[in-house]
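Spelled out, the chains give:
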Amino acid sequence: MPIILPMDTHAMDLPEPRTGELEAAPDAHSAGRQQRFDRKMEDDRKIEPQDWMPDAYRKTLVRQISQHAHSEIIGMQPEGNWISRAPSLKRKAILLAKVQDEGGHGLYLYSAAETLGVSRDALLDALHSGKAKYSSIFNYPTPTWSDVGVIGWLVDGAAIMNQVPICRCSYGPYARAMIRICKEESFHQRQGFESLMTQMRGTAAQREMVQDAVNRWYWPVLAMFGPPDADSPNSAQGMRWGIKRISNDDLRQKFVDATVPQAKILGVNLPDADLKWNEQRQHYDYGAIDWDDFWAVVNGQGPCNKERLATRVKAHADGQWVRDAALAHARKQQARQLKEAA
Ligand code: BYC
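Residues numbered from 1 in each chain as written. Predicted model: local features only at pLDDT ≥ 70, side-chain atom pairs only at ≥ 80, totals over all residues. Heavy atoms only, no water.

In this section: unusual backbone geometry. Although it is not a glycine, Asp44 adopts a positive phi angle of roughly 60°. Topologically, Asp44 is positioned in the loop between α2 (26-42) and α3 (55-74). Judged by relative accessible area, Asp44 falls into the partly exposed class, the value being 48%. Positive phi values are uncommon outside glycine, yet Gln282 reaches one of about 60°. Positionally, Gln282 belongs in the loop between β1 (276-278) and β2 (283-285). According to the relative accessible area criterion, Gln282 is partly exposed, its value standing at 43%. (Helix = DSSP H or I, 4+ residues; strand = E, 2+ residues; numbered from the N terminus. Buried < 20%, exposed > 50% of the residue type's maximum accessible area, 1.4 Å probe, protein only.)

Attention now moves to the layout of surface pockets. There is about 1,100 Å³ of room inside the largest pocket. What lines the largest pocket is a set of 44 residues, and nearest its centre among them are Gln67, Asn162, Met224, Phe225 and Gly226. Every element with two or more residues in the lining of the largest pocket is listed here: α3, α5 (89-114), α7 (145-163), α8 (172-200), α11 (248-266) and α12 (291-301). Classifying every residue of the lining of the largest pocket gives 19 nonpolar, 15 polar and 10 charged. (1 Å grid on protein atoms, 1.4 Å probe; cavity = no way out; pocket = protein on both sides within 12 Å on 5 of 7 lines; lining within 4 Å. Points joined across faces, edges and corners; volume = space filled by probe spheres on them. Nonpolar A, V, L, I, M, F, W, Y, C, P; charged D, E, K, R; others polar.)

Moving on, we get to the site of the ligand. Close contacts around the ligand come from 32 residues, with Arg63, Gln67, Lys133, Ser232 and Lys244 the closest. Given that more than half its atoms are within 2 Å of the pocket grid, the ligand belongs to the largest pocket. Of all the secondary structure elements, the ones that give two or more residues to the shell around the ligand are α3, α7 and α12. In terms of residue count, α3 provides more of the shell around the ligand than any other element does, six residues in total. Tallied by class, residues from the shell around the ligand come to 13 nonpolar, 13 polar and six charged. (Near = heavy atom within 4 Å. Sits in = over half its atoms within 2 Å of the grid points.)

Next comes the structure, spelled out in structure tokens:
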């Protein structure tokens, strides 16, 4: 993936260096920058785009924020599929707004990634060529209206669990983007739950439809938190850098603990025969996740990977005229302003 790194702008937020510092050997200078960065990490202070940061920190953030942005815009598809078939005007308006919110989240996140010196075009190229990852969860189909409610309840519920801690991420632009995103995700989760509650108060066929959707989404949602901590290559460093605050397994456990009582209120069964309260741990025990299935989906073999990517590439190509028109308009305006100023 072509990443354009900005020049070192550390000096921009520092007082003029003293002569001694100017004459210091380059390695002493880099050690000083590293020390200042490490001190910020220890003090739990934010890193901002103009601050010096190690290359590996920058690359990790570009990886995570861009994957997150891609997930948001690909995530518009499974539900977008139902906008024209929503059962009422009210549900249609809610769904339209939700899918637009997801698009908006993608835009804040691409902007946050751009502050790290990578261009949006390069990020989108990586997505469209299949090089970049996006969340496994969006490669599953949405055959019924209940799938839309279950995405709101479980997928957005898992997203909030994962994303609230990112509001405290050490990188300022990512942390700030997450605050608004989490508020919106929280609303999405509630609307999903409310839609399912309505369906559960309906006919036996509607209740069956909800249960069937829960059966299909529950395990992929648990896997969505990422591999077990012991098999998570990026976790340890991500935690040291304050990018990741809570581990994959701990978030998964928090999610299971929060979901069980909600499932009871809804009146649905979670499809896990091993799900049981553990008095000693004060948590629910849960069954084994099929990690082979998870990796197959991550690596392109899920039920909808090809369709999701093809739809995304087509939407980008179909939107070319809009980008061209916006650019032409901006150029015209700029030329007019220059003429007026002359
Ligand atoms: N799917 O070492 P690990 C949303 C990859 S949007 C695919 O634990 P890390 C929503 C991982 O990238 C949901 N790949 O990594 C939108 C890594 O591969 P690379 C997206 C996954 O980064 C619309 C490898 O596995 N949320 O919620 O420490 C509507 C090893 O993993 C997945 C975010 O992106 C997966 N599920 O932890 C509704 C949140 N899991 O990159 C909802 C921000 C892992 O080394 N991201 N992988 O090749 C994160 O919090 C972290 O990046 C993750 C992974 C927890 C996802």
